[in-house]
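# Topology and contacts: notes
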Amino acid sequence: MTSKSNMTATSAVAHAARLARVEVVAAYPITPQTRIIESISRFVADGEMKAQFVQVESEHSALAATIAASSKGVRAFTATSSQGLLYMHEMMHWAASARVPVVMANVNRAVAPPWNIYGDHQDAISQRDTGWIQLFAETNQQALDLTLQAFRIAEDERVQLPIMVNLDGFTLSHTYEQVAVPTADIVDGFLAPRDGVDWLDTEHPVTINGVVSPEHYIQFRALQKDATQRAAAVIEEIGKVFTDQFGRDSGGLISLEGVEDADIVFVTLGSVASTIRGEVRSWRAKGKRVGIASVRSYRPFPGDEIARALSGTGAVVVWDRAYSFGNGGPLAVEVKSALYGSGTRPAVLSAVGGFGGAPIGPRELAQALEWAEAALHGDGTRSEIWFGVKPYREERTPNGK
Amino acid sequence: MGSEHAEFVMRGNSSCAGCGAILILRQVAEAIGPNQIMVIPACCMGAVAGRFPSASFNVPVLRTAFASAGSFLSGLDASIKARGEKTTLVGFAGDGATVDIGLAVLSGAIERGHDFVYVCYDNEGYMNTGFQRSGSTPPGARTSTTPGGVLEHYKTEARKDIAKIVAAHGIPYLATASPAHPDDLKRKVKRAAEIEGPAFLHVISPCPLGWGFPSSQTVQLARIAVESGLWKLYELDLGALRLTQSPKNRKPVREFFSVQSRFAHLTDDVYQRLQDAVDEEWKVIEEEGFSLRCETVRA
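For every chain, the first residue of the written sequence is number 1, and numbering continues from 1 along that sequence. Labels are handed out in written order, letters beginning with A for the chains and numbers beginning with 1 for the ligands. Residues qualify for local features only when their pLDDT is at least 70, as the model is predicted, and side-chain atom pairs are given and counted only at 80 or more; totals for whole chains, interfaces and linings, by contrast, use all residues.

## Observations regarding the overall build of chain B
How we decide: Helix numbers and strand numbers start at the N terminus; a helix is a DSSP run of H or I with at least 4 residues, a strand a run of E with at least 2. C-alpha atoms define the radius of gyration in this analysis, and the globule rule sets the expected value at 2.2 Å times the number of residues to the power 0.38. In this scheme every C-beta is placed from the backbone, and a residue whose C-beta has 20 or more other C-beta atoms within 10 Å is buried, one with 12 or fewer is exposed, and one in between is partly exposed. Throughout, a pair of residues is in contact if the C-beta atoms placed from their backbones lie within 7 Å.
For chain B, the count of helices and strands is eleven helices and eight strands. Computed over the C-alpha atoms, the radius of gyration of chain B is 19 Å, within 12% of the 19 Å expected from 2.2 N^0.38 for a compact globule of 299 residues. The principal-axis extents of the C-alpha atoms in chain B amount to approximately 60 × 45 × 35 Å. Within the span of chain B, comprising 299 residues, buried residues form 50% of the whole. Excluding contacts between residues fewer than 6 apart, the proportion of contacts in chain B whose partners are at least 24 apart in sequence is 67%.

Written out as structure tokens, the structure is:
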């Protein structure tokens, strides 16, 4: 029987790693991720999880060790946040291009300086082009469900790519919610042991990740591109299988609500979608035609699905908790790109905010709705607003600097 | 076919003529035999490992990024333990990947007690990228980033003693070796593989191009390094430290330095100081026994 209990998303992810029968975990502590590896260490110490847990000396090494284990054909997992993810950057490319199906939980946190341990998406977005599949959880339940799905998607022979499951720091990682934790039997029925190739078989020695000519190099990149494109269908397919077996819609590329008749659609990533969903429901109760598109797979990016969802919409508010300096809100830029050529030209408003744990609540969302309604009536004066920014005032430290 | 006679290094590989590292790799691979996995980070032997779809070494080779030999070995050790397998893991890395960029990573892997044999072939600089200085380049050497000029000297700083750094971890097995003494090297590699837990070998690796000597003289130079007393052969086996070679009638150190163009600028008085330093070291060894104590050294 599946039991429900109150837990944080970090606990939920640790349960998912346990239930997935992960064989090697290599990790390094960082707030707000640490509870994941503490929970896993506890599972291993208590014999509830048969895994080799290696607490390495850095995040670079955490991912490197995970990649090595995965190259040997075993199921491997790691977890990190923020600075740790940035410290992994070289190995991020390595994992994707070496085509190892490792799964990592990234507990989204702001990037320093200045230091801030609270949530935003700058860490994940900065790894956008490393070749990883990136999934975003809205709830603690989804953090568990997506982690389980991630192993099956990553290891699918059509994919063979690493997956990062993003869960918002503190909003999910340190907040208790009811989470249904399936039994091992049920999970075993969904996720078979890894049937991975041991690339380091001593009977058949090969050299992997070696030097290649320019002609071969682009072949490897093309194979990687094709696999990432194929992953979109696999994410959809496995999301449906999961729903059939577990009775919950946790996966897929995108989650839509109220978009069919919507004049205004909010598009976003992660836990803020839950907040927006709540507001959308109350707005709709008041007769406002507003919808939400929660992007669950940021890579591969569901451009066609987004364009379809927005085809009858007059105005779109894209909420970004990260920024591409010198360009714009990264998700907003991609939504615009998805709409180009689709024949749909809604006003795309880029709402930027929720950095370093700053709240995105009913007040901010009401402002955004007002802005979208004005755009719907032809007011195109502002296409980007940073929420929560006060007028600049010079502040001095006591020593006058 | 016994592993002693198996060939692990393929013909036609792209190592330079007279490469010391490829000799070392061959001796290491032969000593361990076919049941091994080799992890090679960015370094000369990484480049030599082969250009797809060819491979130069007849063992499984996992190429890694520069600062990740120790971490890849750690992950492999964990996966082998998870599956209950038994394979010797060999890290084969240059001095840059070991004493500089990968030092913390190696330190972590040793501290955690993973089971592997890490071989640092020390060619005393970044030879694969064109002979830049490393933390293991000896003082006085000319490199492409310590070229010597009107205002600046050649490398002036003392080299890191990586073996002492590794010894400070309380590692189960540590040894130095030279490809000019293959029996000694192979015995040490076998012992390193046999002992459970981490083992480290520090091997002198003459580099004809980087050091500037004729490619026919590689083994000779590796031998003179030992016979002059400059490169000490020793092992630290489960806490027992011993010299495995005590050169009698040591050759003048000048024989080691003078054939290398990177030391071409050395003058007679410098040679005398280098000779005095080595003589003093061996005097202490003869009087007080060999130790790995650390002293403040000045270039």
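## Description of helix 7 (residues 140-155) of chain A
Basically, it comes down to this: Expected span, for any helix, means 1.5 Å times one less than how many residues it has.
In a regular helix each residue adds 1.5 Å, so 16 residues correspond to 22 Å; helix 7 of chain A covers 23 Å between its end C-alpha atoms and thus fits that length. The buried fraction of helix 7 of chain A amounts to 16 of the 16 residues, a majority that puts the element mostly inside the structure.

## Some words on the nonpolar core
Short version of the rule: To form a nonpolar core, buried Ala, Val, Leu, Ile, Met, Phe, Trp, Tyr and Cys residues must be joined through C-beta atoms within 7 Å.
Membership of the largest hydrophobic core comes to 217 residues, with the highest contact counts inside it found for Val 13, Ile 163, Val 165 and Val 265 of chain A together with Val 39 and Val 119 of chain B. At nine residues, the largest contribution of residues to this core is made by helix 1 (residues 20-32) of chain B. For Val 265 of chain A, the residues in contact, after removing those within four places along its chain, are Val 259, Gly 291, Ile 292, Ala 293, Ala 309, Leu 310, Thr 313 and Val 316 of chain A.

## Overview of unusual backbone geometry
All names here are of chain A. Here Ala 112 and Pro 113 are connected by a cis peptide whose omega angle stands at -5°. Assignment of secondary structure puts Pro 113 in the loop between strand 5 (103-108) and helix 6 (122-125). Between Pro 113 and the following residue, Pro 114, the backbone shows a cis peptide bond with an omega angle of -10°. Looking at the element boundaries, Pro 114 is found in the loop between strand 5 and helix 6. Phi at Ser 82 is positive, roughly 45°, even though this residue is not glycine. Structurally, Ser 82 can be placed in helix 4 (residues 82-87).

## Some remarks on the sheet that holds strand 5 of chain A
All names here are of chain A. What counts is decided by this rule: At least two DSSP bridges between two strands are required for those strands to pair. In this description, a line fitted to the C-alpha atoms serves as the axis of each element, helices being fitted only across the stretch in contact, and the angle between N-to-C directions of two axes falls anywhere from 0 to 180 degrees.
Read from one edge of the open sheet, seven strands run 3-2-4-5-7-6-13, paired in mixed fashion. Each of the sheet's edge strands pairs with one partner strand only, and the pair in question is strand 3 (52-55) and strand 13 (297-299). For this sheet, the mean angle separating the axes of adjacent strands, direction not counted, is 20°. Helix-sheet contacts for helix 7 involve strand 5, strand 6 (133-136) and strand 7 (163-168), and the interaxial angle to strand 7 is about 170°.

## A short note on the interface of chain B and chain A
In many analyses, interface size is given as the accessible surface area lost on bringing the parts together. Let me state the cut-off plainly: Residue type decides the class: Asp, Glu, Lys and Arg count as charged, Ala, Val, Leu, Ile, Met, Phe, Trp, Tyr, Cys and Pro as nonpolar, and the leftover types, Gly among them, as polar.
On the chain A side, the residues contacting the 36 residues of chain B number 35 residues. Within the side of chain B that touches chain A, the residues separate by chemical class into 19 nonpolar, twelve polar and five charged. Examined bridge by bridge, strand 9 (residues 207-208) of chain A and strand 2 (residues 61-63) of chain B share two bridges and lie parallel to one another. Along strand 2 of chain B, the bridge assignment pairs Ile 208 of chain A with Leu 62 of chain B.

## Re the environment of Val 389 of chain A
Residues and elements named next belong to chain A. Mapped onto the fold, Val 389 is located in the segment after strand 16 (384-386). For Val 389, a count of 11 C-beta atoms within 10 Å puts it in the exposed group. When the C-alpha atoms of Val 389 and Gly 353 are compared, they prove to be 8.6 Å apart, with 36 residues separating the residues in sequence.

## What to know about the packing of helix 3 (residues 69-83) of chain B against helix 5 (residues 103-111) of chain B
To characterise two packed helices, one gives the angle between the axes of the helices and the distance between these axes. All names here are of chain B. The cut-off we apply is this: In what follows, roughly perpendicular refers to angles from 65 to 115 degrees, roughly parallel to angles under 35, roughly antiparallel to angles over 145, and oblique to any angle outside these ranges.
Where helix 3 meets helix 5, the axes come as close as 7 Å, and the angle between the chain directions of the two elements is 30°. Judged by the angle between their axes, helix 3 and helix 5 are roughly parallel. Taking contact as the criterion, the partners of Ala 69, Gly 70, Ser 71, Leu 73 and Ser 74 in helix 3 are, on helix 5, Val 105, Leu 106, Gly 108 and Ala 109. A per-class count over the contact of helix 3 with helix 5 returns five nonpolar, four polar and no charged.

## Here we look at the pairing of strand 8 (residues 240-243) of chain B
Where strand 7 (residues 234-237) of chain B lies against strand 8 of chain B, four bridges are found, and the strand directions are antiparallel. The residue of strand 8 of chain B that forms the bridge with Asp 237 of chain B is Ala 240 of chain B.

## Structural notes on the sheet that holds strand 8 of chain B
Here we have nine strands laid out as an open sheet, ordered 9(A)-2(B)-1(B)-3(B)-4(B)-6(B)-5(B)-7(B)-8(B), and mixed in their pairing. In this open sheet, the two strands that pair with only one neighbour each are strand 9 of chain A together with strand 8 of chain B. Pairing of strand 3 (residues 88-94) of chain B with strand 4 (residues 116-122) of chain B involves five bridges; the strand directions are parallel. Within strand 4 of chain B, the residue paired with Gly 91 of chain B across the bridge is Tyr 118 of chain B. Seen against the sheet, helix 1 of chain B touches strand 1 (36-40), strand 3, strand 4 and strand 6 (198-204) of chain B and runs at an angle of roughly 170° to strand 3 of chain B. Taken strand by strand, helix 3 of chain B contacts strand 1, strand 2, strand 3 and strand 4 of chain B, and its axis lies near 175° from that of strand 3 of chain B.

## A short note on the packing of helix 1 (residues 9-19) of chain A against helix 7 of chain A
Residue and element names in this part refer to chain A. So the rule is basically this: By definition, turning the near helix anticlockwise from the far helix through less than a right angle yields a left-handed crossing, and turning it clockwise yields a right-handed one.
The interhelical angle for the contact between helix 1 and helix 7, taken along N-to-C directions, is 25°, at an axis separation of 8 Å. Classed by the angle they form, the pair helix 1 and helix 7 counts as roughly parallel. Along this stretch, helix 1 crosses helix 7, giving a crossing that reads as right-handed. In contact with Ala 9, Ala 12, Val 13, His 15, Ala 16, Ala 17 and Leu 19 of helix 1, helix 7 contributes Asn 140, Ala 143, Leu 144, Thr 147 and Leu 148.

## Comments concerning the domain arrangement of chain A
Residues and elements named next belong to chain A. In plain terms, the rule: Either an automatic procedure or a domain database provided the assignment from which the domain bounds are taken.
Domain assignment breaks chain A into domain 1 (3-246) and domain 2 (254-386). For domain 1 versus domain 2, the distance between C-alpha centres works out to 28 Å. Counting from both sides, the interface comprises 28 residues of domain 1 and, opposite them, 20 residues of domain 2. Broken down by secondary-structure element, the contributors of at least two residues to the side of domain 1 that touches domain 2 are helix 6, strand 6, strand 7 and helix 9 (214-246). In terms of residue count, the dominant contributor to the side of domain 1 that touches domain 2 is helix 9 (five residues). Tallied by class, residues from the side of domain 1 that touches domain 2 come to 13 nonpolar, eleven polar and four charged.

## Some remarks on the pairing of strand 4 (residues 76-80) of chain A
Residue and element names in this part refer to chain A. In terms of burial, strand 4 is largely enclosed, as five of its five residues are buried. Pairing of strand 4 with strand 5, which is carried by four bridges, proceeds in the parallel orientation. Residue pairing in the sheet places Thr 80 in a bridge with Asn 106 of strand 5.

## Here we look at the environment of Leu 365 of chain A
All names here are of chain A. Tracing the sequence through the fold places Leu 365 in helix 13 (residues 362-376). Given 23 C-beta atoms within 10 Å, Leu 365 falls into the buried group. When the C-alpha positions of Leu 365 and Val 317 are compared, they lie 9.8 Å apart, and in sequence the two are 48 residues distant. The contact partners of Leu 365, leaving out residues within four places of it in the chain, are Ile 276, Glu 279 and Ile 360.

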